[in-house]
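# Breakdown of the fold
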Amino acid sequence: MDQQEAPTLTALSRLITDSANTLQHLLTQYNLQPPSVSPNGRKDWSDAAAHPDILSTRSDLIDHTQALLNLVRGPVETLAAYSGSMLSEIDVLRTLNLLKVHEAVPLDGSLSISDLAAKIGVRDERSLAKQLRFAYLMGLFRQTDNGQVAHTALSAALPESSAWIEWRTGRLASQGAHEVAKAILLRPQSVEQEEVVAPSALADPLGKNRAFWVQIEDVKEAAPGQETETELYSRAMRGLLLHQNSGGAAATYLQGLDWESLKGGTIVDVGGGNGHVVVELAPWVHGISFVVQDRPQNEKPARDLIEAHKLADRIRFQAHDFLTPQPELPDGKVPAAYLLVRVLQDWSDAGSARILKPLVRGMEKYRAKTWIIGRLLPDGFDEMSVHEEKNLRNMDLLGFNLHGGGDRSEKELKSLLGMVDTRLRINKISRPHQSVLSFVELVLDV
Ligand SMILES: C[S@@+](CC[C@H](N)C(=O)[O-])C[C@H]1O[C@@H](n2cnc3c(N)ncnc32)[C@H](O)[C@@H]1O
């Protein structure tokens, strides 16, 4: 039987002190800001992307701290927290985010709960105060000495994360969680199966087992001034891009792929949403134009976003169902590469093969490459810190919850490619240090 080395309170505390000292020392050495609880302090770690020693020391510190917390709490209280206070933390975050409290509280000042309630249109002031009181315990907003509400570092960071939090904690993204066990019990194991049992379909509020993409489309009608589910989803995907990469969205993508090799060409972003990935990238990769392909519902949000970034001369949106053959590109362009960013995890192997097959035709005809950007799961244990692996696997579980899909390991990706075309192979894979995304270049042996 495995005998795990039992950590003690003092041994863990020592590890924490050592990692904290190292981290502090490295930040000073590289002239970077220390962590801070001030609303104007360090928000994320994107500035440390080029310093793997900082990132790995930080991950160690997080892992040791979590281990100490679990030890001090003990098993019963840890389980009580998962089914109690931690759930309330999510509920309070959802509520205050929906009420947009972070926009109403001034960044460099404070206001009374009554003024806050008036500003955000809340009538039940007492209940708002209770939500805030719990939020203070999370370090989300704080009460000033004169009883007013002010920002903390955590609440001040909400604007960048707000869209993702709104969507992820909302009904459509959460409903499947209640049916995961049932889906696992019911699901057949066949990779050939295109229609899979997805938890979110089992949780369909209309009881019709509608797939996620059908449910999201069916909620087309929004009240005047309100956004549709698709608009919220697109906004959330953009939020995830910024949020998941700790602010360093473009930097991660630039490190991962050889953009220079495509100069003068056109990249087709297949399932590119409203173009939120390529609007971040385009300013950094000169001489490349983009065609964003996605469902027609994304056309307007995409055009608005592209226009807002003044990139209409380089980025075109094309409504296209990626399960069907590739259309001619606008303006007679031909593809130099297809980009699939965070798409395949939503589909079973059979569904993913249907998405990849039309691209293989383009790879053959135009000698185009295909770049897959997504999460690759480790096959073994201890390949990364607990903190990193949780960040990675949390999205894998969400893929199952929503679509019955999920992320793949390199081995599983290779087996998928084999189902698509035996000439298709992985040319290279890279994962920028501590990025949750891996960058995979596919080529076709012709
Ligand atoms: C997980 S999102 C990824 C979006 C974007 N690539 C990113 O990384 O943020 C999956 C995308 O696939 C699109 N999609 C789903 N089914 C599609 C279909 N049949 N044809 C085209 N796009 C589709 C969705 O609209 C959505 O934009």
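That block above? That's the structure.
Here is a short report on the structure shown in this document. All of these numbers come straight from a predicted model, not from anything done at the bench. (Residues numbered from 1 in each chain as written. Predicted model: local features only at pLDDT ≥ 70, side-chain atom pairs only at ≥ 80, totals over all residues. Heavy atoms only, no water.)

### Some points on the overall build of the chain
- Of the regular secondary structure elements, the chain holds 20 helices and twelve strands.
- Relative to the compact-globule value of 22 Å for 446 residues, the chain shows a C-alpha radius of gyration of 23 Å, a close match.
- Projected onto its principal axes, the C-alpha positions of the chain cover 70 × 60 × 50 Å.
- The burial tally for the chain puts 48% of its 446 residues in the buried class.
- Long-range contacts, defined as pairs at least 24 residues apart, comprise 66% of the intrachain contacts of the chain with a sequence gap of at least 6.
- Summed over all atoms, the accessible surface of the chain reaches about 23,000 Å², with 53% contributed by carbon and sulfur.
- Averaging the coordinates of the 47 positive side-chain charges in the chain and doing the same for the 57 negative ones gives two points 3 Å apart. (Helix = DSSP H or I, 4+ residues; strand = E, 2+ residues; numbered from the N terminus. Rg over C-alpha atoms; globule rule 2.2 N^0.38 Å. Buried < 20%, exposed > 50% of the residue type's maximum accessible area, 1.4 Å probe, protein only. Contact = heavy atoms within 4.5 Å. Areas by Shrake-Rupley, 256 points an atom, 1.4 Å probe, with all protein chains shown as cover. Lys, Arg positive; Asp, Glu negative; His and termini not counted. Charge placed at Lys NZ, Arg CZ, Asp CG, Glu CD.)

### Looking at a nonpolar patch on the surface
- Nonpolar side chains collect at one region of the surface, where Leu9, Leu71 and Val72 lie side by side and expose about 270 Å² of accessible area between them.
- Mapped onto the fold, valine 72 is located in helix 2 (residues 52–73).
- Note on valine 72: relative accessible area 58%, which makes it exposed. (Patch = residues over 30% accessible without salt bridge, like charges linked within 9 Å, V, L, I, M, F, W, Y side chains within 5 Å. Salt bridge = Lys/Arg side-chain N within 4 Å of Asp/Glu carboxyl O.)

### Looking at the sheet that holds strand 2 (residues 142–143)
- Within the open sheet, the three strands sit side by side as 1-3-2. Their pairing is antiparallel. The open sheet has two free edges, formed respectively by strand 1 (110–111) and strand 2, since each of these has just one partner strand.
- As paired strands, strand 1 and strand 3 (residues 149–150) are joined by two bridges and run antiparallel to one another. When the sheet's bridge partners are listed, serine 110 is paired in strand 3 with alanine 150. (Pairing = 2+ DSSP bridges.)

### Focus on unusual backbone geometry
- Here the phi dihedral of phenylalanine 141 falls at roughly 65°; this positive angle occurs in a residue that is not glycine.
- Counting through the fold element by element, phenylalanine 141 comes out in the loop between helix 7 (125–138) and strand 2.
- Classification of phenylalanine 141 by relative accessible area gives buried; the value is 1%.
- Phi is positive for lysine 310, close to 55°, though the residue is something other than glycine.
- Tracing the sequence through the fold places lysine 310 in the loop between helix 17 (299–308) and strand 6 (315–319).
- Judged by relative accessible area, lysine 310 falls into the exposed class, the value being 70%.

### Focus: helix 17
- Among the residues of helix 17, those classed as buried are Pro301, Ala302, Leu305 and Ile306. For helix 17, the angular spread of the buried residues around the axis is 125°, confining them to a single face. Facing away from the buried side of helix 17, by more than 90 degrees, are the exposed residues Lys300, Glu307 and Ala308. (Arc of directions from axis to C-beta.)

### A word on helix 4 (residues 85–98)
- Over its 14 residues, helix 4 extends 20 Å from the first C-alpha to the last, a length consistent with the 20 Å expected when each residue adds 1.5 Å.
- Listing the buried residues of helix 4 in full gives Val92, Leu96 and Asn97. The buried residues of helix 4 all sit within an arc of 125° when viewed along its axis, so they share a single face.
- Where helix 4 is buried, its residues contact helix 5 (101–104), helix 7 and helix 9 (158–168). (Expected span 1.5 Å × (residues − 1).)

### With respect to the site of the ligand
- Around the ligand, the surrounding shell holds 19 residues, and the nearest of these are Gly271, His276, Asp294, Val341 and Arg342.
- Separating a nitrogen atom of the ligand from a backbone N or O atom of histidine 320 is a distance of 3.5 Å.
- One nitrogen or oxygen atom from the main chain of phenylalanine 322 is found 2.9 Å from a nitrogen atom belonging to the ligand.
- Relative to its free-state accessible area of 590 Å², the ligand is covered by the protein chains to the extent of 95%.
- Sorting the residues of the shell around the ligand by element identifies helix 14 (229–244) and helix 16 (276–281) as the ones contributing at least two each.
- Partitioned by chemical class, the residues of the shell around the ligand number seven nonpolar, seven polar and five charged. (Near = heavy atom within 4 Å. Polar contact = N/O pair within 3.5 Å; in protein donor to acceptor, adjacent residues only side chain to side chain. Nonpolar A, V, L, I, M, F, W, Y, C, P; charged D, E, K, R; others polar.)

### Remarks on the environment of tryptophan 213
- By the secondary structure assignment, tryptophan 213 is in helix 13 (residues 212–218).
- Ignoring sequence-local partners within four residues, the contact set of tryptophan 213 consists of Tyr233, Arg295, Asp346, Trp347 and His403.

### Observations regarding the sheet that holds strand 7 (residues 335–341)
- Here we have seven strands laid out as an open sheet, ordered 6-5-4-7-8-12-11, and mixed in their pairing. The open sheet terminates on both sides in strands that have one partner only, identified here as strand 6 and strand 11 (424–430). Between one strand axis and the next, the sheet turns by 25° as a mean value, whatever way the strands run.
- Note: strand 4 (residues 266–270) against strand 7, four bridges, orientation parallel. Within strand 7, the residue paired with isoleucine 267 across the bridge is alanine 337.
- Of the strands in this sheet, strand 8 (369–374), strand 11 and strand 12 (438–444) are in contact with helix 20 (residues 410–420), which crosses strand 11 at around 155°. (Axes fitted to C-alpha atoms, helices over the stretch in contact; angles between N-to-C directions.)

Taken by themselves, the reported measurements are silent on function.
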